[in-house]
Amino acid sequence: VVVVGAGFAGLAACQVLATEGRHAVEVVVVDRHSYNTFQPLLYQVATAGLNPGDIAYPVRSYLRSHENVSFRLGEVVGVDLDKRQVVLAEGEQLSYDYLVLATGATTNFFGVPGARENAHAIYTMEDAVKVRDRLAQALEQAASFGPTGGGLTVVIVGGGPTGVEMAGALAELWSLEISTSFKNLEKSAARIVLVEQLDRLLAAFDQPLSRYCEQALWQRGVEVMLGRSVKEVRPDRVVLDGDEEIACKTVIWSAGVSSGALADSMQVGKTKGGRLAVEASLCLSGHREVFAAGDIAGATEDGGVLPQLAQPALQEGRHVGRQILARLSGEKETAFSYKDKGIMATIGRRAAVAELPSGVKLRGTLAWLAWLGLHIVFLLGLRNRLAVLLNWAWRYLWWKRGNRVIAGV
Ligand SMILES: Cc1cc2nc3c(=O)[nH]c(=O)nc-3n(C[C@H](O)[C@H](O)[C@H](O)COP(=O)(O)OP(=O)(O)OC[C@H]3O[C@@H](n4cnc5c(N)ncnc54)[C@H](O)[C@@H]3O)c2cc1C
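Being a predicted model, the structure only gives us computed values, none of them experimental. (Residues numbered from 1 in each chain as written. Predicted model: local features only at pLDDT ≥ 70, side-chain atom pairs only at ≥ 80, totals over all residues. Heavy atoms only, no water.)

Some details on the environment of Glu245
Inspection of the secondary structure puts Glu245 in strand E17 (residues 245-247). As a C-alpha pair, Glu245 and Val233 span twelve residues in sequence and 9.7 Å in three-dimensional space. In this structure the side chain of Glu245 is engaged in a polar contact, spanning 2.7 Å, whose partner is the side chain of Arg237. (Helix = DSSP H or I, 4+ residues; strand = E, 2+ residues; numbered from the N terminus. Polar contact = N/O pair within 3.5 Å; in protein donor to acceptor, adjacent residues only side chain to side chain.)

In structure tokens:
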């Protein structure tokens, strides 16, 4: 079995194949990174609340106790479905009997002129570190300009969970930095603008939770612009519909998701957003030896495509592992069924929203504590959990921060 992608879905599939199928299959996991990235906390790396190593876990360490699983570092650039081979960037091919595609998703700039060139995404660890360095550099430049900062403005495009979490964390970062390390800057020097095309933030959540989130951001000094779309991103400004311009040198793009180059290159059925269309058992029609799981897969439930979130990825990955073992032992395949565990997003210290499948809706400190606890539980590795706990205690209890380093500049 070749598993492409060591994210939530790929590693969940591996876990099943390595334990329940340890005498039945030989697994090769391929990823372009040697580590697994815990994407839900990338924005905390981007805002210097956590270090990159706190949310990354080496794939080889994760797999070390499984004798039937090996790891291969490499970028998969194509799949030859007829020859049953995956093609690596260096030209090498890996043959498979079964293939699991779990390469996740990537940023979608929707063809907005200048967005790809001038805006920063937060999809990978490299992205997050670049944003962190850019923000730290912007603060230093503003401080050398004088008390008004000379235009220390950041525009965040997209009011879904990533945009909201980024805006809240950045507001906290700057408020703290200006009151401690950059006392020569006036508070009003730093401006954060969150632009959302829809008429509310967090569209997947209940209306009152969206309103709470909007208020919490305004209270932290974030300007929320609803019902506005970005027409163009230039190196020194963002152009909105109606030709309104916001002068800024730092733009963070959290407006959309696409399935990435590998999915695009495959001549198979696709769902909305370019995700791979899958049958009920999560295999591809016409190529039943190929399975897809996680963000790349267009798995459906009650007629709708499942959201691109960690829980569907984990559950789909496990399901795919079990389907492969079922096929090998001649058992019947089963249809994937998603168990909804709810959704949550945080705005910052003591402010979060959560919607549970039971219909219970939480906001404020309780939701925030639930958010902190769940993220610790789902992180890979004890060292990372302890590191994140320590960093959060430092940040939220003592309200201090010590990671703001301009690296590589
Ligand atoms: C900033 C951010 C915040 C998020 N916050 C939340 C949240 O709060 N809650 C939530 O539930 N979800 C959140 N998500 C979504 C969640 O992280 C994803 O749904 C989940 O990671 C999908 O898992 P996956 O296994 O499909 O893909 P990923 O976890 O993205 O893993 C894909 C893996 O494939 C590898 N890969 C990709 N292409 C190739 C290739 N061509 N060759 C080799 N390897 C390749 C990548 O290196 C990666 O390791 C967030 C996502 C982002 C980006």
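Right, picking up where we left off after that structure.
Considering the packing of helix H10 (residues 365-378) against helix H11 (residues 382-397)
The interhelical angle for the contact between H10 and H11, taken along N-to-C directions, is 155 degrees, at an axis separation of 9 Å. Relative to H11, the element H10 lies roughly antiparallel. When H10 is examined against H11, the residues Trp368, Trp371, Leu372, His375, Ile376 and Val377 are found in contact with a partner set consisting of Arg385, Val388, Leu389, Trp392 and Tyr396. Split by residue class, the contact of H10 with H11 holds nine nonpolar, one polar and one charged. (Axes fitted to C-alpha atoms, helices over the stretch in contact; angles between N-to-C directions. Parallel < 35°, antiparallel > 145°, perpendicular 65-115°, else oblique. Contact = heavy atoms within 4.5 Å. Nonpolar A, V, L, I, M, F, W, Y, C, P; charged D, E, K, R; others polar.)

Description of the packing of aromatic side chains
Under the definition given, this model contains four aromatic pairs. Between Trp368 and Tyr396, the aromatic rings sit 4.9 Å apart at their centres with planes inclined by 90 degrees, giving edge-to-face as the arrangement. Taken together, the residues span a long stretch of sequence, with Trp368 in helix H10 and Tyr396 in helix H11 at a distance of 28 residues. When the ring of Trp371 is compared with that of Trp392, the centres are 5.4 Å apart and the planes differ by 35 degrees; the resulting orientation is tilted. With Trp371 in helix H10 and Trp392 in helix H11, the pair connects residues that are 21 residues apart, well separated along the chain. (Phe/Tyr/Trp six-rings, centres within 6.5 Å; stacked < 30°, edge-to-face > 60°.)

Some thoughts on the site of the ligand
Around the ligand, a shell composed of 25 residues is seen, among which Ala9, Asp31, Val76, Asp295 and Ala310 lie nearest. Backbone polar atom of Phe8 to an oxygen atom of the ligand: 3.1 Å apart, as the coordinates give it. One nitrogen or oxygen atom from the side chain of His33 is found 3.1 Å from an oxygen atom belonging to the ligand. Elements represented by at least two residues in the shell around the ligand include exactly helix H1 (8-19) and helix H9 (310-328). Residue composition of the shell around the ligand, by class: eleven nonpolar, ten polar and four charged. (Near = heavy atom within 4 Å.)

Section: helix H6 (residues 161-180)
Between the first and last C-alpha of H6 there are 28 Å, a value that for 20 residues agrees with the 28 Å anticipated at 1.5 Å per step. The element H6 is extensively covered by neighbouring structure, given that 15 of its 20 residues are classed as buried. (Expected span 1.5 Å × (residues − 1). Buried < 20%, exposed > 50% of the residue type's maximum accessible area, 1.4 Å probe, protein only.)

Digging into the pairing of strand E7 (residues 85-88)
As paired elements, strand E6 (residues 76-80) and E7 share four bridges and run antiparallel to each other. The partner of Asp80 across the bridge, within E7, is Gln85. Here E6 hands over to E7 after four residues, with Arg84 in that stretch at a positive phi of 55 degrees. Judged from the three bridges that link them, E7 and strand E8 (residues 93-95) form a sheet pairing that is antiparallel. Residue pairing for E8: Val86 is matched across the bridge by Leu94. (Pairing = 2+ DSSP bridges.)

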